[in-house]
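Structural characterization, general
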Amino acid sequence: MSRPIIGISGSTQIDEGGRFPGSKRAYVYEDYVRSTERAGGVPFILPVMKDVDSIKQQVAALDGIIISGGDDVNPLMYGVEPHILQGEINPERDAFDEQLIKAAVEANKPILAICRGMQILNVVFGGTLYQDLSYIDGSYIKHDQYSGPSYPSHSVSIEPDSFLYTIFEDKVTMINSFHHQAVKDIAHGFKVTARAKDRVVEAIEKDDDSSFVIGVQWHPEMMTESNSQMLALFEALIGKAK
Ligand code: MN
């Protein structure tokens, strides 16, 4: 049997040095590729596109989709002006991710949205974000760890009624953390399925049993080599993609 085709949303970056300074790259971090492969999928990198019909065609060619991490989401997407601690944005990529997510949900393809991917998933369906964790009253956990990328630095509590609980078979797990923004208002039709000890949203899911649309605030792709729960998350996506 052939393995499911998993698209990984790409980003763009302008070379500052090297042979071709000023040239734009289309890329993803390799951890997404390796984790998809490790979990039994065939990874395809999805370059940022503008044309909506082309994006729909990208989606039609795939069995499942990973919305990868990256820059902050442009706050204008959720109707808020940029605040002082807003980080770098990539509006071209925001526009691509929006169309990609809409097309994937419309086509009922399973989605795993990671870090910024979860944040933009929430925004696309009407949710909002905190532009920096310092704007959250009572947030005290270090969500941008200074330890190796695969190191699980803080805990999350998982809601029993969730795909995440089914996958992890645990109410508490340890995750890595590399973010300075967080989900504020949850999108209509979604539910929060994991939180950190300081109540920061760490996972969301589309609130229906027929679709597999999961967002996680951490970076499971950096943990699959040595962490069976994070590998199981990728395997769950690929299982749904079959
Ligand atoms: Mn965190």
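Structure first, text after, so check above.
To start, this report covers the structure provided alongside it. (Residues numbered from 1 in each chain as written. Predicted model: local features only at pLDDT ≥ 70, side-chain atom pairs only at ≥ 80, totals over all residues. Heavy atoms only, no water.)

1. A few points about the nonpolar core
- By size, the foremost hydrophobic cluster in this structure holds 33 residues, and its most contacted members are I66, L164, I167 and W218.
- Of all elements in the fold, only β1 (5-9), α1 (30-38), β6 (111-114), β8 (154-158), α5 (163-168), β13 (213-216) and α6 (228-241) reach the threshold of two or more residues within this core.
- What I167 contacts, discounting residues up to four positions off in sequence, is F212, I214, Q229, A232, L233 and A236.
- One finds V59, V73, I111 and F190 within the second-largest nonpolar core, a separate group that totals 29 residues. (Core = buried A, V, L, I, M, F, W, Y, C linked by side-chain atoms within 4.5 Å. Buried < 20%, exposed > 50% of the residue type's maximum accessible area, 1.4 Å probe, protein only. Helix = DSSP H or I, 4+ residues; strand = E, 2+ residues; numbered from the N terminus. Contact = heavy atoms within 4.5 Å.)

2. Quick word on the coordination of the manganese ion
- Distances from the manganese ion to its protein donors, namely H143 (ND1), H154 (NE2), S177 (OG), H179 (NE2) and E202 (OE), fall within the range 2.2 to 2.4 Å.
- Spacing between the donor residues of the manganese ion along the chain follows H-x10-H-x22-S-x1-H-x22-E. Of this pair, H143 sits in the loop between β7 (129-130) and β8 while E202 sits in strand β12 (residues 201-206), and the two are 59 residues apart along the sequence. For the residue pair H143 and E202, the accessibility class agrees, reading buried in each case. (Donors = N, O, S within 2.8 Å, 3.2 Å for Na, K, Ca; no water.)

3. Description of unusual backbone geometry
- Here C115, not a glycine, exhibits a phi torsion of approximately 55°, which is positive.
- In this structure, C115 sits in the loop between β6 and α4 (116-124).
- Of the residues examined, C115 reaches a relative accessible area of 5% and is grouped as buried.
- Although it is not a glycine, R199 adopts a positive phi angle of roughly 80°.
- You can see R199 is positioned in the loop between β11 (190-196) and β12.

4. Points about the pairing of β6
- Residues I111 and A113 of β6 are buried on one face, and the alternating residues L112 and I114, pointing to the opposite face, are buried as well.
- Pairing of strand β5 (residues 64-67) with β6 involves three bridges; the strand directions are parallel. Paired with I66 across the two strands is L112, which belongs to β6.
- The β-α-β motif built from β5, the intervening helix α3 (residues 91-106) and the parallel element β6 has right-handed crossover chirality.
- In the sheet, β6 pairs with β13 via four bridges, with the strands oriented parallel. (Pairing = 2+ DSSP bridges. Right-handed = clockwise from strand over helix to strand, strands pointing away.)

5. Here's the deal with a nonpolar patch on the surface
- On the surface, I84, L85 and Y135 cluster together into a nonpolar patch covering about 320 Å² of accessible area.
- Tracing the backbone through its elements, the reader meets L85 in the loop between β5 and α3. (Patch = residues over 30% accessible without salt bridge, like charges linked within 9 Å, V, L, I, M, F, W, Y side chains within 5 Å. Areas by Shrake-Rupley, 256 points an atom, 1.4 Å probe, with all protein chains shown as cover. Salt bridge = Lys/Arg side-chain N within 4 Å of Asp/Glu carboxyl O.)

6. Considerations on the environment of P75
- Its place among the elements puts P75 in the loop between β5 and α3.
- The sequence separation of P75 and I89 amounts to 14 residues, and the corresponding C-alpha distance is 9.1 Å.
- Sequence-distant contacts of P75, defined by excluding residues within four places in its chain, comprise V80, E81, P82, Q86 and Q131.

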